[in-house]
Amino acid sequence: MKKILVTGGTGFIGSHVVVQLLNKNYQVFVLDNLSNSKKIVLEKIRKITGKLPNFIEGDIRNINLINQIFNENIFEGLMHFAALKSLSDSEINAEKYYDNNVVGSNNLLDIAVKKNIKKIIFSSSAAVYGNQKSAKVVETMLLDPITNYGKNKLLIEKKIQKFQTESKNISFVIFRYFNAVGAHPSGIIGEDIRETTSNLMPLVSKTAFGQIKKLTIFGNDYPTKDGTGLRDYIHVEDLAAAHIKGLEFFPKNKNISTFNLGVGKAYSVLDVVKTFELVSKRKIPYEFSKKRPGDLAECYADPFLANSDLQWKAKLNLEDICRDVWNFQIKNPIGYE
Ligand SMILES: NC(=O)c1ccc[n+]([C@@H]2O[C@H](COP(=O)([O-])OP(=O)(O)OC[C@H]3O[C@@H](n4cnc5c(N)ncnc54)[C@H](O)[C@@H]3O)[C@@H](O)[C@H]2O)c1
């Protein structure tokens, strides 16, 4: 059985990828420090797949631990999800984000490259694009991240390029995700939300459920069809499927391949609210507030490269996303506790 190491594998996206890897009969090792996830996720994964992934509780910054993991196992691939992910928090706690995300990734990747891991997949973000002239973003654009979070992701992408120039034998896949949303169709795993989340979809869901009285929508005077911001929302099941395609893609590729993972279509905040109301059959009260600094009017992926090179295409639409988030909300009213 081929072994895959998944950092951040108890987190939102990582856990959905672990499910698909186990279903494809990979032997999965999860490394996570549980700073933004819970151990119970492993049991939930077993409930879905009938298999329990190997779990190592630890930090990607722990050099001894990472060396030990690679000394004890021969991995077919490494999928690196572990990171802190709040854009706004990365502005307040810049050093903490740099240490966790950049220092941690450098440490992990240095060791993985030394150990000659052939397939490495890195979770980057649409945040590396920053404010582009065109709302539709293509992988080849000049990158100009605005937030510390985006700048950190770019530093790691550059580190990966450095590996490539130093040794042509290593290949990487870099995935730039757009807005990851949705949940497993079983409703067993999904996005386990902290009190402080500023992500739209969980807030919409909690408002529909009555846990939040009124949804705050930031900005209704953007130059968009209804004045609210437009984003590319991609179902986490589609994202997970792209990772499986990514693994299969490696033998043909000895380079760095960077792919946008998005649907290629932008929905407004009000589109999301209306679709969620339809699916949940609940009313979602909302109010408008001022735009948040740094928020873009519109941003969506050009997914052409992933569609053609990986033979991957997002299959699920906004209605599917809202249905699965609502199902997860009903089955986990207070999250994973
Ligand atoms: N969710 C999105 O919309 C989105 C968009 C673009 C990129 N990304 C990237 O995708 C990846 C996964 O995101 P997610 O939404 O699943 O986040 P998440 O917070 O749910 O999962 C990240 C996991 O990494 C773990 N972790 C964090 N720091 C660690 C460390 N130092 N050592 C070990 N484990 C650590 C956390 O405990 C958590 O389980 C991240 O790299 C994130 O930056 C996410």
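Residues numbered from 1 in each chain as written. Predicted model: local features only at pLDDT ≥ 70, side-chain atom pairs only at ≥ 80, totals over all residues.

Some thoughts on the site of the ligand
The condition that has to hold: Whether a residue is near a molecule or strand depends on its C-beta atom, placed from the backbone, lying within 6 Å of it. Counting from the N terminus, the helices are the DSSP runs of H or I reaching at least four residues and the strands are the DSSP runs of E reaching at least two. Think of it as three bins: nonpolar holds Ala, Val, Leu, Ile, Met, Phe, Trp, Tyr, Cys and Pro, charged holds Asp, Glu, Lys and Arg, and polar takes everything else, Gly as well.
For the ligand, the set of nearby residues contains 28 residues, the closest of which are Gly8, Gly11, Ser37, Ala83 and Ala180. Of all the secondary-structure elements, those providing two or more residues to the shell around the ligand are helix H1 (12-23), helix H5 (94-114), strand S5 (119-125) and strand S8 (179-181). Of all the elements, H1 adds the most residues to the shell around the ligand, at three residues. Here the shell around the ligand is composed, by residue class, of 10 nonpolar, 14 polar and four charged.

Here's the deal with the sheet that holds strand S2 (residues 27-32)
Hydrogen bonds between backbone atoms are what pair the strands of a sheet, whose relative direction is either parallel or antiparallel. Threshold: Following DSSP output, two strands are said to pair if at least two bridges run between them. Each axis is a line fitted through C-alpha atoms, and for a helix only the stretch in contact is used; angles between axes span 0 to 180 degrees, taken between their N-to-C directions.
Taking strand neighbours across the sheet as the criterion, the seven strands line up as S3-S2-S1-S4-S5-S7-S12 in an open arrangement whose pairing is parallel. Only two strands of the sheet have a single partner each, and these edge strands are strand S3 (54-57) and strand S12 (256-261). The sheet shows a mean angle of 20° between the axes of neighbouring strands, direction not considered. Judged from the four bridges that link them, S2 and S3 form a sheet pairing that is parallel. Pairing of Val30 across the sheet is with Phe55, part of S3.

Here we look at the sheet that holds strand S10 (residues 230-231)
An order of S6-S15-S10-S13 is seen for the four strands of this open sheet, with the pairing classed as mixed. Edge positions in the sheet fall to strand S6 (136-137) and strand S13 (267-268), since each of these pairs with one other strand and no more. Relative to strand S15 (residues 298-301), S10 is paired through two bridges, and the arrangement is parallel. Residue Arg231 lies in a different strand from S15, and its bridge partner there is Cys299.

Side note on the environment of Tyr336
What counts here: A pair of residues counts as a contact when their C-beta atoms, built from backbone coordinates, are separated by no more than 7 Å.
By the element assignment, Tyr336 lies in the segment after helix H11 (318-331). In contact with Tyr336, other than residues within four places in its own chain, are Lys38, Ile40, Val41 and Asp192.

Some remarks on H11
Note: α-helices contain 3.6 residues per turn, so residues at a spacing of three or four share the same orientation. The condition is simple: Helices are assigned an expected span. That span is 1.5 Å times one less than the residue count. Residues with at least 20 other C-beta atoms within 10 Å of their own are called buried, those with 12 or fewer are called exposed, and the rest are partly exposed. The C-beta atoms themselves are positioned from the backbone.
Over its 14 residues, H11 runs 20 Å from end to end, which matches the ideal 20 Å to within 8%, given 1.5 Å per residue. Within H11 the residues assigned to the buried category are Leu318, Ile321, Cys322, Arg323, Asp324, Val325, Trp326, Phe328 and Gln329. Residues of H11 that are buried make contact with S8, helix H7 (200-209), strand S11 (233-235), S13 and helix H9 (269-280).

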